[in-house]
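In case you want the letters, here they are:
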Amino acid sequence: MMTEAEENRPLLAFVEATKTSFSYRIDTGLADHVFHTYLEKWAYDELWGAFITQYPDNPDRTLFIRSVLSEFGLEVVGPQTVTWNAGDENLPREGFANITGGKSYYALAATADPEKGEWTGEADAVEFVVPEPGRSSATVTIDLLDLQPELLESCITPDENIRFYFYHLFQKAVVDAFIAQFGQEAFENHIYEYGYCSDSPYTDLWRMEPGTEYLIAVLGVDLEGDVMYTDKAFTAPTHEPEVTVRLQPYENELQGYFAYENLELHVGLQNFGDVTHEQATWALLEQEQVDQALAMAGEGATLETCINEGYIYTMPIAPEWFEQIEQTNTFSYLFEGVAPETDYVFLFVTFDAEQNMVLGRGDATTPAAPTTGQTDPEYLAYLGSWRLEGQSTEDWTTPLAYDLTIEALTPNRSFLVRGWSKTDVGQEFPFVMNYDPETKKAYINAPQSLGTRNENGEEVEVVFAGMFVYGFTDALSIYVAPTYKAYEIRLNDNRLSFFPEMFRFEGQDYSFASLGYNGRTEAGYRTFEGDEYNPINFRVTRSPAATAVRRNAPAIRSAGRDCTRPAGFDFPASRTERATTVPADAKLPAAPGDPHRLR
């Protein structure tokens, strides 16, 4: 039997602490099961604050201790002294014991019956303080492996005398203000409480703001329990001013535009700040002209040399281009009447805030003009009736099918495709599918502006475009950008195999999941009634009773349909209009609760 003194003895008692260890005594029956752990005082206070917020009417300390031990506790049986040494593994917290001198800790324990799955009476907590540390001569090296305007790769390497270290990235101005108000010791304590912790060399990636001064601060604890502090200050570089130029052949066959005689231009200006571009100039040259200018300028000449010395003449930008740049930092244009089968170079010249030239260049080659002759049998094989079968994006399960017709548009160059819709939109507004006589494959470019229709008194532009999965929704999103290839199509006997193209959007890689009709108004894009869903995981096979539609048929031409522009960029609505528009953690952690802190 237990004596009265033994029965009144507390479950938990502090024994001793050094700079690198501490011990506590668990007094209980020989067969009693006890769950125990320790917490840093900041962690104990944080968890207690969260607990009383959750249970304001019953802030029971026993219930709180049990709730902590249910997540972080270690099980032992019978009375014993528990000793934690700095660096010991702490599995429930997915780390190790980072015991730091001069800091307060709590030991927690509670009895339980694991067989019944319930707590059985006692729960206790005791606070204690580890002795103050001295200052250490050990070292930690901070290396900036890759410093970019918005991203830093850093590596922290402790020497052999460091047992573990705490660290974080801060804005230097915030740190300076913090130290000025609270002192260096308070800042080191802040790193201890809020920093990440490691016992080995560690590489991190940090997000930053360009042009901002930062500081990586490290508080190290050596093998003797003494501490050292070091930091490394640096400034995130700013983005260099940049001009991006996209020049490519432009084709809208239904409006009479062909890739061999038209080039579409899209220019974007990045990282110029408040610089205006009244001095900007441009030139569209054949590659042969560029080569001649470089030769005349002499060995080692650059395009900048040729422009500065007059070997290449550039013209002031048009007022409408400047207006668009001021509004969106972008502009677009359509060059008509260019030569077929020719290499072209577009140059855009502007200046940064220090009046340094910034040059953008885009290259494109126009294809050869079509020649008359025999129509490829492979081209003719695409013609006829086809059946598309897939699943609907309504629930990604329900079957969805279209009956398609592929008609000749320009032999050996293009087709009209009708029926890609559950409504009459797919018949009234067929889209263009192109044919490559070299590869014998077909492809679909998008977005295609196919005309307008009146819906309840409102003119709605009909746009056929690529659709992709974006966000957490069953519905697909339309992808609107300057002309892009959405799908490549290969004819395999009586099947058309559709291969989606990849593209990059908002820094992520995507591929197209479908194609679809969308209506566009000033309010934006919308689906047509009856066509709210798109086919996915579809296959296209020849209809059993299909016959080729007008094989060797003459080219079909648009009868002057009134076409307007899809969002994303502008292009001519007539042969005389030209388009000039284009589409459109480093602070002091502010509050407890950073997810890494209790792990």
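All of the points below concern the structure found in this document. (Residues numbered from 1 in each chain as written. Predicted model: local features only at pLDDT ≥ 70, side-chain atom pairs only at ≥ 80, totals over all residues. Heavy atoms only, no water.)

### Things to note about the overall build of the protein
Put simply, the test is: Each helix corresponds to a stretch of at least 4 residues labelled H or I by DSSP, and each strand to a stretch of at least 2 residues labelled E; elements are numbered beginning at the N terminus. For the exposure calls, accessible area comes from a 1.4 Å probe over protein chains only, and a residue counts as buried if that area is under 20% of its type's maximum, exposed if over 50%, partly exposed in between. Note on areas: these come from Shrake-Rupley sampling with a 1.4 Å probe, and a residue is covered only by the protein chains present in the view.
Check the secondary structure of the protein and you find ten helices and 38 strands. Taking all 599 residues of the protein together, the buried fraction comes to 47%. For the protein, the accessible surface area stands at approximately 29200 Å², while carbon and sulfur atoms represent 47% of it.

### Comments concerning the packing of aromatic side chains
The description of two aromatic rings rests on the distance between their centres and on the angle between their planes. To keep it simple, the criterion reads: Aromatic rings from Phe, Tyr and Trp, taking only the six-membered ring of Trp, are treated as a pair when their centres fall within 6.5 Å; an angle between ring planes under 30 degrees marks them as stacked, one over 60 as edge-to-face, and anything in between as tilted. A ring is scored as having a charge over it whenever the NZ atom of a lysine or the CZ atom of an arginine sits within 6 Å of its centre and within 35 degrees of its normal.
Inspection of every chain in the model, using the stated rule, returns 66 aromatic pairs. With a centroid separation of 6.0 Å and an interplanar angle of 45°, the aromatic rings of Phe335 and Phe346 are classed as tilted. On the criterion of sequence distance, the pair formed by Phe335 in strand S21 (residues 330-336) and Phe346 in strand S22 (residues 343-351) is long-range, its members being eleven residues apart. Under the relative-accessibility criterion, Phe335 is labelled buried at 8%. Judged by its relative accessible area of 0%, Phe346 is buried. In textbook terms, an aromatic cluster arises when at least three aromatic residues are bridged by ring pairs, as seen for Tyr402, Trp420, Phe431, Phe464, Tyr487, Phe498, Tyr517 and Phe538. Its guanidinium or amino end placed over the ring of Tyr38, Arg93 lies 5.9 Å from that ring's centre, counting from NZ or CZ. Across from the ring centre of Phe528, 5.6 Å away, lies the NZ or CZ of Arg453, which sits over that ring.

### Quick look at the layout of surface pockets
Over the atoms, a rolled probe matching the size of one water molecule traces out where space is still vacant. To keep it simple, the criterion reads: Buried and open spaces are told apart on a 1 Å grid over the protein atoms alone, a cavity being a set of points where a 1.4 Å probe fits but cannot get out and a pocket being an open set with protein on both sides within 12 Å along at least five of seven lines. Residues with an atom within 4 Å of a point are the lining residues. Grid points are joined across faces, edges and corners, and a volume is the space filled by probe spheres set on the points. Each residue is assigned to one class: nonpolar for Ala, Val, Leu, Ile, Met, Phe, Trp, Tyr, Cys and Pro, charged for Asp, Glu, Lys and Arg, and polar for all the others, Gly among them.
In this structure, the largest pocket spans a volume of roughly 820 Å³. If you go around the largest pocket, you meet 33 residues; those closest to its centre are Asn412, Arg413, Tyr435, Asp436 and Pro437. Contributions of two or more residues to the lining of the largest pocket are made by strand S17 (242-249), strand S27 (431-436), strand S28 (441-446) and strand S32 (484-492). Element by element, the count of residues in the lining of the largest pocket is highest for S28, at four residues. Broken down by class, the residue content of the lining of the largest pocket amounts to 13 nonpolar, twelve polar and eight charged.

### Re unusual backbone geometry
With an omega of -5°, the peptide bond between Ala446 and Pro447 qualifies as cis. The residue Asn271 is not glycine, and still its phi comes out positive at about 65°. Here Asn271 shows up in the loop between strand S18 (262-270) and strand S19 (281-286). Given a relative accessible area of 35%, Asn271 falls into the partly exposed group.

### Digging into the nonpolar core
Heads up, the rule is: We define the nonpolar core as a collection of buried residues of types Ala, Val, Leu, Ile, Met, Phe, Trp, Tyr and Cys that are connected through side-chain atoms lying within 4.5 Å of one another. For this analysis, residues touch if any pair of their heavy atoms sits within 4.5 Å.
Judged by nonpolar contacts, the single largest core of 50 residues is most densely connected at Phe22, Phe64, Trp84, Ile99, Tyr105, Leu108 and Phe187. No other element matches strand S8 (residues 104-113), which puts seven residues into this core. Here Phe64 is in contact with Tyr44, Leu47, Trp48 and Phe51, once residues within four sequence places are set aside. If you look at the next biggest cluster of nonpolar residues, it comprises 49 residues, including Leu380, Leu404, Val462 and Ala481.

### Concerning the pattern of salt bridges
We apply this condition: A pair is scored as a salt bridge if a Lys or Arg side-chain nitrogen falls within 4 Å of a carboxyl oxygen belonging to Asp or Glu.
Tallied over the full model, the rule gives 21 salt bridges. With a shortest N-O distance of 3.7 Å, Glu488 and Lys441 are connected by a salt bridge. Taken together, the positions of Glu488 in strand S32 and Lys441 in strand S28 put the pair 47 residues apart, joining distant regions of the chain. As a salt-bridge pair, Arg526 and Glu455 come within 3.2 Å of each other at their nearest N and O atoms. Of this pair, Arg526 sits in strand S37 (residues 524-526) while Glu455 sits in strand S29 (residues 448-455), placing them 71 residues apart in sequence. In this structure, a network of salt bridges that share partners links the residues Asp424, Arg453, Glu455, Glu458 and Arg526.

### A look at helix H3 (residues 61-72)
To keep things clear, this is the line we draw: Expected helix span is taken as 1.5 Å per residue step, with the number of steps being one fewer than the number of residues. Polar contact is the term for a pair of N or O atoms within 3.5 Å; when the atoms are in protein, one must be able to donate a hydrogen and the other to accept it, and sequence-neighboring residues count only if both atoms are side-chain atoms.
Here H3 is twelve residues long and its end C-alpha atoms lie 16 Å apart, about the 16 Å a rise of 1.5 Å per residue gives. Where H3 is concerned, the buried positions are Phe64, Ile65, Arg66, Val68, Leu69 and Phe72. The N-terminus of H3 is capped by Asp60, whose side-chain oxygen sits 3.1 Å from the backbone nitrogen of Thr62.

### What to know about the side chain of Thr393
Within the element layout of this structure, Thr393 appears in the loop between strand S24 (384-392) and strand S25 (399-410). Within the structure, Thr393 has its side chain in polar contact with the backbone nitrogen of Asn534 (distance 2.9 Å). Setting aside its immediate chain neighbours within four residues, Thr393 contacts Asp474, Leu476, Tyr533, Asn534 and Ile536.

### What about empty space enclosed by the protein?
Space inside the second largest cavity adds up to approximately 80 Å³. Every residue lining the second largest cavity is counted, 13 residues in all, and those nearest its centre are Gly516, Tyr517, Asp531, Tyr533 and Asn534. Among the elements that line the lining of the second largest cavity, the one with the most residues is strand S36 (residues 514-521), at four residues. The residue inventory of the lining of the second largest cavity, partitioned by class, reads six nonpolar, five polar and two charged.

### Looking at the sheet that holds strand S14 (residues 202-207)
Note the following rule: We treat two strands as partners when DSSP finds at least two bridges between them. To obtain an axis, a line is fitted to C-alpha atoms, over the contacting stretch when the element is a helix, and the angle between two such axes runs from 0 to 180 degrees between their N-to-C directions.
A sheet is described by the order of its strands in space; here three strands give the open sequence S10-S11-S14, paired in antiparallel fashion. Strands with a single pairing partner mark the edges of an open sheet, and in this sheet they are strand S10 (140-147) and S14. Going across the sheet, the axis of each strand differs from the next one's by a mean of 25°, ignoring polarity. Two elements, S10 and strand S11 (residues 151-158), share seven bridges in a ladder whose sense is antiparallel. By the bridge assignment, Leu147 is partnered in S11 with Leu152.

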